[in-house]
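Chain and residue survey
One-letter residues, chain by chain:
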Amino acid sequence: MKRGRLFAKIIYYAFTFLFGIVLAIGLPSYYATFDVPTRYIGECMQQGRFLEAMAITAPCFDTDACIFHDGDDFAVRIYEGVVNLDKKANEEDDQSPTVTLLYKSFIGYVYAPAYETFSQGDNRTAVQVTQVDGIVRTIPLPDYDSDGNGTFDGISTVTQNGYIVLDLNTDKVSSIDRMALIDCNGAVYWESEPDLGLRFDDEFFSCFAEIDEYNNLVRAYPTQTDKTSVESSMKTLFDTFRSRVLAHEGYYFANDSELYVSVQREVRKAADKKAVPIIIVYFVGIYIVGDFLLGNFYIVKFFRWFLFKVCKIPHKEKKGPKKEEVFGHDYYSMVTVSLDVSQVPEFNGSVEIRYTNTDSEARFILLKADNYTATQRIKAGVYVNPYIDINRAYAPIDLPDNLEVEGYRVDKIVTITRVARPEQELDDAEQSEQVSRECDDAPTQQQASDEAHTDPAVQAEEQTADPDQSEK
């Protein structure tokens, strides 16, 4: 039973601690990647820290906004930038591998908590872009389905944090001359100034003149047998983009900017702050469960100790059923009685301890040769009438009035102490010899007295010695 319990403990704690380690490593990374950034962007937009918000979203952008607007609890910031998008290497083949491509984009945020974007009916929330060539592009913005009917009902970032991410890349528009936000009812919520004239051939975008060549290499990479040469060409182009961007002070490039480092530090700190309490609760929880299911109830014992020993809270012991009702008496137990002679190291006599009940007697002979320990097989029950035979100079100090024999093993220890000073002690043998000597002397004296009165020679001698007495 003990081995099975030990094995269960090992399996339980090995599995739970292994999962806990995975949780401790993975949970902060999950929060830092998916949860914290969206909330952090909302805080940045609310406080006007637009560049910090952009540092999370775009790997590269011009820090001067090309479209901006500020109002009461409303803000728009759109920048020229480059974004990473996951696409199929071959868009005509669904089985082709997914690759990450670079796209030129007008990217940014709209902070608008009051923007009505949720509707489970005909939700028409969109950004409407009028291109320089006059073509109007309407790009729907809802991204989640609340009722599972197959149509999007709202924008998750607006619902959670009050902002919208706008990514108007070359796949969606060719230029921007005017932009407007349409709410869920189809009404215009906000409209930019006309004649913006934004194209993808401005100075910032010229840093990525070979972007199509780079994307073609990325698409071809999974199917290439000589991957080394393709990797080398991709790295050369990427380094070219990076060097061009860093040559301009107003351009941001991830990993090479103090802004990127500081933002990532704040995101990581927020992720750890959110993950640590969950990890602590997990480890505490598995210990509590393990202690109650497989442990020794240390938690219960601690609270009992704290409440009743430290806080001194009085408690009433619960009366249980009579012991004979729980165990019965129809079995035998091995009872061991030992003497504790640590207080009287000079003690070397023998000791007999007896108890009786209506059925039998429990008798223990304790000898020094046996280290004052004796074991008897006794029927379970309560034995009374304690008796101890011991040198009168010594006595037990904790001999129980009743010997309760319960369970299959019972151990009792009786402590022996001294009750008389050494000079007052008399050995039993010496006392017996003294009494015998007194008894032997008494008849001899009486006999001598009788002979003295009956012997005639003695009487004549007494008369001669005392004439006056003789005359009398």
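Described in the following lines is the structure provided in the data block. Source: prediction; values computed, not measured.

1. Considering the packing of aromatic side chains
In this structure the tally under the stated criterion is 31 aromatic pairs. Between Phe 106 and Phe 200 the ring centres are 4.8 Å apart and the planes differ by 40°, which places this aromatic pair in the tilted class. In this pair, Phe 106 sits in strand β4 (residues 98-111) while Phe 200 sits in the loop between β11 (198-199) and α4 (211-220), placing the two residues 94 residues apart along the sequence. On the accessibility criterion, Phe 106 (0% relative accessible area) is buried.

2. Here's the deal with the sheet that holds strand β17 (residues 381-389)
Taken in spatial order, the 4 strands make up an open sheet running β15-β14-β17-β19, and their pairing is antiparallel. If you trace the sheet from one side to the other, it starts and ends with β15 (361-366) and β19 (403-405), each paired once. Strand after strand, the sheet turns through a mean of 30° between neighbouring axes, direction not considered. Across 4 bridges, strand β14 (residues 351-356) lies against β17 in antiparallel orientation. Bridged to Thr 356 within β17 is Val 384.

3. Some words on the environment of Asp 177
With respect to the secondary-structure elements, Asp 177 resides in the loop between β8 (175-176) and β9 (178-182). Under the relative-accessibility criterion, Asp 177 is labelled buried at 17%. A C-alpha to C-alpha distance of 6.2 Å links Asp 177 and Pro 194, two positions 17 residues apart in sequence. Leaving out residues up to four positions away in the same chain, Asp 177 has contacts with Thr 130, Gln 131, Val 132, Glu 193, Pro 194, Asp 195, Leu 196 and Gly 197. Among the polar contacts made by the side chain of Asp 177, one reaches the main-chain amide nitrogen of Gly 197 at a distance of 3.2 Å.

4. Quick word on the environment of Asp 411
Looking at the secondary structure, you find Asp 411 in strand β20 (residues 409-418). Looking at Asp 411, the relative accessible area reads 53%, which means it is exposed. C-alpha of Asp 411 to C-alpha of Thr 375: the two residues are 36 residues apart in sequence and 9.0 Å apart in space.

5. Things to note about the pairing of strand β3 (residues 74-88)
Of all the 15 residues making up β3, 11 are buried; the element is thus mostly covered by neighbouring parts of the structure. Pairing analysis gives 2 bridges linking strand β1 (residues 60-62) to β3, with the strands arranged antiparallel. Within β3, the residue paired with Cys 60 across the bridge is Val 82. Across 5 bridges, strand β2 (residues 67-71) lies against β3 in antiparallel orientation. Bridge pairing in β3 links Gly 71 to Phe 74.

6. Description of the side chain of Thr 117
With respect to the secondary-structure elements, Thr 117 resides in the loop between β4 and β5 (126-130). Setting aside chain neighbours within four positions, we find Thr 117 in contact with Asn 123, Thr 125, Asp 153, Gly 154, Ile 155, Val 158 and Cys 184.

7. Thoughts on the packing of helix α6 (residues 258-293) against helix α7 (residues 298-310)
Taken N-terminus to C-terminus, the directions of α6 and α7 make an angle of 95°; their axes are 8 Å apart at the nearest point. What the angle tells us is that α6 and α7 run roughly perpendicular. Residue-level contacts link Tyr 287, Ile 288, Asp 291 and Phe 292 of α6 to Tyr 298, Ile 299 and Val 300 of α7. Grouping the constituent residues of the contact of α6 with α7 by class yields 6 nonpolar, no polar and 1 charged.

8. With respect to the packing of α4 against helix α5 (residues 227-246)
Running from N to C, α4 and α5 point in directions that differ by 150°, and their axes come no closer than 10 Å. In terms of orientation, α4 and α5 fall into the roughly antiparallel class. α5 is crossed by α4, and the crossing has left-handed handedness. In this structure, α4 uses Ile 211, Glu 213, Tyr 214, Leu 217 and Val 218 to contact α5, whose residues at the interface are Val 230, Ser 233, Met 234, Leu 237, Phe 238 and Phe 241. When the residues that make up the contact of α4 with α5 are grouped by side-chain class, the tally is 9 nonpolar, 1 polar and 1 charged.

Rules and cut-offs
Residues numbered from 1 in each chain as written. Predicted model: local features only at pLDDT ≥ 70, side-chain atom pairs only at ≥ 80, totals over all residues. Heavy atoms only, no water. Phe/Tyr/Trp six-rings, centres within 6.5 Å; stacked < 30°, edge-to-face > 60°. Helix = DSSP H or I, 4+ residues; strand = E, 2+ residues; numbered from the N terminus. Buried < 20%, exposed > 50% of the residue type's maximum accessible area, 1.4 Å probe, protein only. Pairing = 2+ DSSP bridges. Axes fitted to C-alpha atoms, helices over the stretch in contact; angles between N-to-C directions. Contact = heavy atoms within 4.5 Å. Polar contact = N/O pair within 3.5 Å; in protein donor to acceptor, adjacent residues only side chain to side chain. Parallel < 35°, antiparallel > 145°, perpendicular 65-115°, else oblique. Nonpolar A, V, L, I, M, F, W, Y, C, P; charged D, E, K, R; others polar. Left-handed = near helix turned anticlockwise from the far one by under 90°.

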